[in-house]
Amino acid sequence: VFAGHVDYADYVPYADADYRGKGVFQSLDQLAPGDIIEVEYQGTTLRYAVVWNQQLSASPDATDWGAVWSDQVSVESITLYTCGGDFDPITRTYNDRTVVRAERLA
């Protein structure tokens, strides 16, 4: 599972800086089935093809997160995860999550 911000607006202690802008997964919602994701791991490039992209409710009552995070998959897979949906400025949270599943190519 890879998780990252869609955007960010806060103080970053390790950088001693305020950051306001796009996050690493700003465009995650634009991935579509068949798109290729490459992951560098121990000097090797692993390739995965997107099989689905879903926007799911962040509420644990509305989404079966156990099934989303389950390792019960038929082939080696990766899951990418970030915030999505509408932003609530009062709680500083998004109401949904964008989740992408991709399967390893041979």
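The following refers to the structure shown. Within each chain, residue numbers correspond to sequence positions counted from 1 in written order. Selection of residues for local features in this predicted model requires a pLDDT of at least 70, selection of side-chain atom pairs for listing and counting requires 80 or more, and totals for whole chains, interfaces and linings are taken over all residues. Excluded from the side-chain calculations are hydrogens and water; all other atoms, namely the structure's heavy atoms, are used.

Re the environment of Val100
(1) Moving on: Each helix is a run of DSSP H or I of at least 4 residues and each strand a run of E of at least 2, with the numbering of both proceeding from the N terminus. By secondary structure assignment, the location of Val100 is in strand E7 (residues 93–104).
(2) Moving on: Sequence-wise, Val100 and Gln30 are 70 residues apart; in three dimensions their C-alpha atoms are separated by 10.0 Å.
(3) Moving on: Contacts are assigned to residue pairs with any non-hydrogen atoms lying within 4.5 Å of each other. For Val100, the contacting residues outside a window of four places in its chain are Leu28, Leu31, Val50, Trp52, Asn53, Ile78, Thr79 and Leu80.

With respect to the side chain of Thr63
(1) Moving on: Residue position: Thr63 is located in the loop between strand E5 (44–57) and helix H1 (65–69).
(2) Moving on: Two N or O atoms count as a polar contact when they lie within 3.5 Å, although within protein this holds only if one can serve as hydrogen donor and the other as acceptor, and sequence-adjacent residues are included solely when both atoms are side-chain atoms. From its side chain, Thr63 meets the backbone oxygen of Ser57 in a polar contact 2.8 Å long.
(3) Moving on: Excluding residues that lie within four positions of it along the chain, Thr63 makes contacts with Leu56, Ser57 and Val68.

Quick look at the layout of surface pockets
(1) Moving on: A 1.4 Å probe that fits but cannot get out identifies a cavity on a 1 Å grid over protein atoms alone, an open set with protein on both sides within 12 Å along at least five of seven lines counts as a pocket, and a residue lines either if it has an atom within 4 Å of a point. Grid points are joined across faces, edges and corners, and a volume is the space filled by probe spheres set on the points. Within this model, the largest pocket holds a volume of roughly 240 Å³.
(2) Moving on: Lining the largest pocket, in full, are His5, Val6, Asp7, Tyr8, Ala9, Cys83, Phe87, Arg92, Thr93, Tyr94 and Arg97.
(3) Moving on: Contributions of two or more residues to the lining of the largest pocket are made by strand E2 (7–12), strand E6 (77–88) and E7.
(4) Moving on: Put simply, Ala, Val, Leu, Ile, Met, Phe, Trp, Tyr, Cys and Pro go in the nonpolar bin, Asp, Glu, Lys and Arg in the charged bin, and everything else, Gly too, in the polar bin. Partitioned by chemical class, the residues of the lining of the largest pocket number six nonpolar, two polar and three charged.

As for the nonpolar core
(1) Moving on: Core analysis: the largest hydrophobic core is formed by eleven residues, namely Phe25, Leu28, Ile37, Val39, Leu46, Tyr48, Val50, Ile78, Leu80, Val100 and Ala102.
(2) Moving on: Tallying contributions element by element places E5 first for this core, with three residues.
(3) Moving on: If near-sequence neighbours (up to four positions away) are discounted, Val50 is found in contact with Leu31, Ala32, Pro33, Gly34, Asp35, Ile37, Val100, Arg101 and Ala102. We define a nonpolar core as any set of buried Ala, Val, Leu, Ile, Met, Phe, Trp, Tyr and Cys residues linked to one another through side-chain atoms lying within 4.5 Å. Burial classification: accessible surface area is computed with a 1.4 Å probe over protein chains only, and a residue below 20% of its type maximum counts as buried, one above 50% as exposed, and the rest as partly exposed.

A short note on unusual backbone geometry
(1) Moving on: Positive phi is not limited to glycine here, since Asp16 has a value of about 50°.
(2) Moving on: Looking at the element boundaries, Asp16 is found in the loop between E2 and strand E3 (17–22).
(3) Moving on: One non-glycine residue with positive phi stands out, namely Gln42, at about 50°.
(4) Moving on: Along the chain, Gln42 falls in the loop between strand E4 (36–41) and E5.
(5) Moving on: Classification of Gln42 by relative accessible area gives exposed; the value is 70%.

So, the environment of Thr98
(1) Moving on: For Thr98, the location among the structural elements is in strand E7.
(2) Moving on: Given a relative accessible area of 3%, Thr98 falls into the buried group.
(3) Moving on: Thr98 sits 17 residues away from Tyr81 along the chain, and the two C-alpha atoms are 5.7 Å apart.
(4) Moving on: Apart from the residues lying within four places of it in its own chain, the contact partners of Thr98 are Leu28, Asp29, Asn53, Gln54, Gln55, Leu80, Tyr81, Thr82, Cys83 and Gly84.

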